[in-house]
Every structure is written in structure tokens, then in C-alpha cells.
Amino acid sequence: MDIKRVKDYIYWLYYQYLLITCSYVLEPWEQSMFHTITVTVFAMMVYTAYVFVPIHVRLAFEFFSQIFGGQPDSTV
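Since the structure is predicted, the reported quantities are computational estimates derived from the model, not experimental observations. (Residues numbered from 1 in each chain as written. Predicted model: local features only at pLDDT ≥ 70, side-chain atom pairs only at ≥ 80, totals over all residues. Heavy atoms only, no water.)

*Asks:* What exactly am I supposed to notice about the pattern of salt bridges here?
*Replies:* Note that side chains of opposite charge can pair when their charged atoms are close. Using the criterion set out here, one finds 2 salt bridges in the structure. The partner of Lys-4 in a salt bridge is Asp-8, and the shortest N-O contact between them spans 3.3 Å. Pair noted here: Lys-4 and Asp-8 are both in helix 1 (residues 3-21), with a separation of 4 residues, about one helical turn. Take Asp-8: its relative accessible area is 39%, and that puts it in the partly exposed class. One salt bridge in this structure joins Glu-62 and Arg-58, with 3.0 Å as the shortest N-O distance. Of this pair, Glu-62 and Arg-58 are both found in helix 2 (residues 28-67), 4 residues apart, which corresponds to roughly one turn of the helix. Judged by its relative accessible area of 35%, Glu-62 is partly exposed. Its relative accessible area of 44% is what places Arg-58 among the partly exposed residues. (Salt bridge = Lys/Arg side-chain N within 4 Å of Asp/Glu carboxyl O. Helix = DSSP H or I, 4+ residues; strand = E, 2+ residues; numbered from the N terminus. Buried < 20%, exposed > 50% of the residue type's maximum accessible area, 1.4 Å probe, protein only.)

*Asks:* Looking at this structure, how should I read the UniProt feature "transmembrane region" (unreviewed entry) in the protein chain?
*Replies:* Under the local residue numbering, the UniProt record ascribes the feature "transmembrane region" (unreviewed entry) to residues 9-26 and 32-53. In the segment residues 9-26, helix accounts for 72% and strand for 0%; the C-alpha atoms at its two ends are 23 Å apart. Summarising residues 32-53: 100% helix, 0% strand, and an end-to-end C-alpha distance of 31 Å. (UniProt positions renumbered as here; feature names shortened; annotations may be inferred.)

*Asks:* Mind showing me how you'd approach the packing of aromatic side chains here?
*Replies:* Aromatic ring pairs: the centre-centre distance and the angle between the two ring planes describe each pair. The tally for this structure, following the rule as stated, stands at 4 aromatic pairs. Taking 6.0 Å as the distance between ring centres and 25 degrees as the angle between the ring planes, the aromatic pair formed by Tyr-9 and Trp-12 counts as stacked. Here Tyr-9 pairs with Trp-12, and both are found in helix 1, just 3 residues apart, close to one helical turn. Three or more aromatic residues link up through ring pairs in this structure, and these residues are Phe-63, Phe-64 and Phe-68. (Phe/Tyr/Trp six-rings, centres within 6.5 Å; stacked < 30°, edge-to-face > 60°.)

*Asks:* Is there a simple way to explain unusual backbone geometry in this structure?
*Replies:* If a residue is not glycine, its phi is most likely negative; likewise, a peptide bond is most likely trans. Backbone geometry places Cys-22, a non-glycine residue, at a positive phi of 60 degrees. Relative to the helices and strands, Cys-22 resides in the loop between helix 1 and helix 2. Accessibility expressed as a relative area gives 43% for Cys-22, which makes it partly exposed.

Below is the structure:
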């Protein structure tokens, strides 16, 4: 891909983000606060999904495997 096209595409994505969130009408200091809060919330969501979703999937798998006739763990 051409570097200019990638740059234009990223700019287009950022412009779409500004339009969807209506943050283009904010003042520059308000925009920076809004973007900081948005990035922080998104980072917390990604971290939470990374840490807790695998645990819940494993527990659900163990639960359903016991219900549908999985072998019990050895007590030895």
C-alpha cells in the first residue's frame, strides 16, 4: 500500500470518529479531555476482557462438561 493512502485512510477514520462522537464541536481543551477519557475507558475494557473473560470461559466449560457427562477429576 502507498503511504499516502494509509495516511488518508487513518485521517478518514479519525474524521469519522469525530463525527460519530460529535466531538468536532468541542474546544481543543475539551477535545483532549474527551479523548483522554475515551481512551482510558477503552483501555480498561480491553484489560478487563483480557483478564476475566478467559476465566469465565474456563469455568463455563467445566460447568457444562460436568452437566453433559464429563469425567470427574481424580481425587488421588
